Amino acid sequence: MPSPATPPPRAASEHARARRRLKARALLLSPALLVICGLLVLPLCIIVVYSFLTPGTYGGVVWRFSTESYVQFLFERDLFDDTLAFSPAYLQIYWRSFIQALVATTACFLIGFPTAYYIATLPERKKYMWVLLITVPYWINLLIRTIAMLFLIRNEGPLNHALLFAGLVDAPLKIAYTNIGVGIGLIYTYLPFMVLPLYAAIERFDFRLVEAASDLYARRWTILRRVILPLAMPGVVAGSLLVFIPSLGAFIAPDLLGGGKNLMIGNLIALQFQGSRNWPFGSAAAVILMTIVLCALLVYVRQQSKARLRQLR
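Draft legend 1. Representation of the packing of aromatic side chains in the model. Across all of its chains, the model carries 17 aromatic pairs by this definition. Plain terms: the ring middles of F52 and Y70 are 5.0 Å apart, the flat faces sit at 35° to each other, and that makes the pair tilted. Of this pair, F52 sits in the loop between α1 (9–50) and β1 (54–55) while Y70 sits in helix α2 (residues 68–74), and the two are 18 residues apart along the sequence. With relative accessibility at 29%, the residue F52 sits in the partly exposed group. Both rings, one in Y90 and one in F281, keep their centres 4.8 Å apart while their planes meet at 55°; by these two values the pair is tilted. In this pair, Y90 is assigned in helix α3 (residues 89–120) and F281 in helix α13 (residues 279–312), connecting sequence segments 191 residues apart. In this structure an aromatic cluster arises from ring pairing among Y50, W63, F273 and W279.

Right under this line is the structure:
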């Protein structure tokens, strides 16, 4: 007879199968983990380390610990007596980027929600064609699309010609190289990131709930606000994050459509590496941006967890 400490043959075989499944999963996940560690975690660690180093004379870094990059973000050091004075210049750049990203996210939602709802209510044969049309622009390089948008909105572009021909304006509208042009570029770039998550959320929606609300004499606005939007909220959140976070660090649209007049975070970071050659400060600006985004996401996740716990109670 087997001893009490020895597991039964059936339990031993199940345990062995479970271990083999775990090994197979680890083997299948290993390529993705290697890519994430090599292309995401390691570069982030390098950026964090560089932000605490001293800038080199002609670029690069000197391996000497320093927090001057973070001090420079908030303060300006006097050349003569080495005193510090508060300088809001970089905070203004971050604030401008935040407003631009917020406006772009709001505009993408206002445009994307009706579009996604319309696509989700189409017959099956037409849905895929519309989804294809939304993703077609991403077959073309972003730089080419942004340059095409610049030719479209410039003073001599088709947009102004059409407005002048229709008699809606007396002189060409100055859209290119302004904040409005940057906003249009961000909306054009990231609109599909809002439409697709919303479409995925609305497509799973049970439209019999809308019929039930109509039978209970609910108005259309009430149905939208009390029935559709709450159930589509996962798509709204996903789309908002996919638009807002890349818009914060956008580089091409502000550089080409804004003409470099009003810096945004992406342009500021790129300038430190390409122009000023101040790699530690560029790294510090990137770390500050990443920290702000992560803190905001953690606060949101915590609030959502509390809301779910209240619903369960």
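Draft legend 2. Local environment of unusual backbone geometry. In this model, Y177 sits at a positive phi of 65°, which is unusual for a non-glycine residue. Within the secondary structure, Y177 sits in the loop between α6 (158–166) and α7 (179–203). When its relative accessible area of 36% is taken as the criterion, Y177 is described as partly exposed. In this structure, Y217 takes a positive phi of about 65° despite not being glycine. Among the secondary structure elements, Y217 is positioned in the loop between α8 (208–215) and α9 (220–231). Accessibility expressed as a relative area gives 76% for Y217, which makes it exposed.

What counts and how
- Residues numbered from 1 in each chain as written.
- Predicted model: local features only at pLDDT ≥ 70, side-chain atom pairs only at ≥ 80, totals over all residues.
- Heavy atoms only, no water.
- Phe/Tyr/Trp six-rings, centres within 6.5 Å; stacked < 30°, edge-to-face > 60°.
- Helix = DSSP H or I, 4+ residues; strand = E, 2+ residues; numbered from the N terminus.
- Buried < 20%, exposed > 50% of the residue type's maximum accessible area, 1.4 Å probe, protein only.

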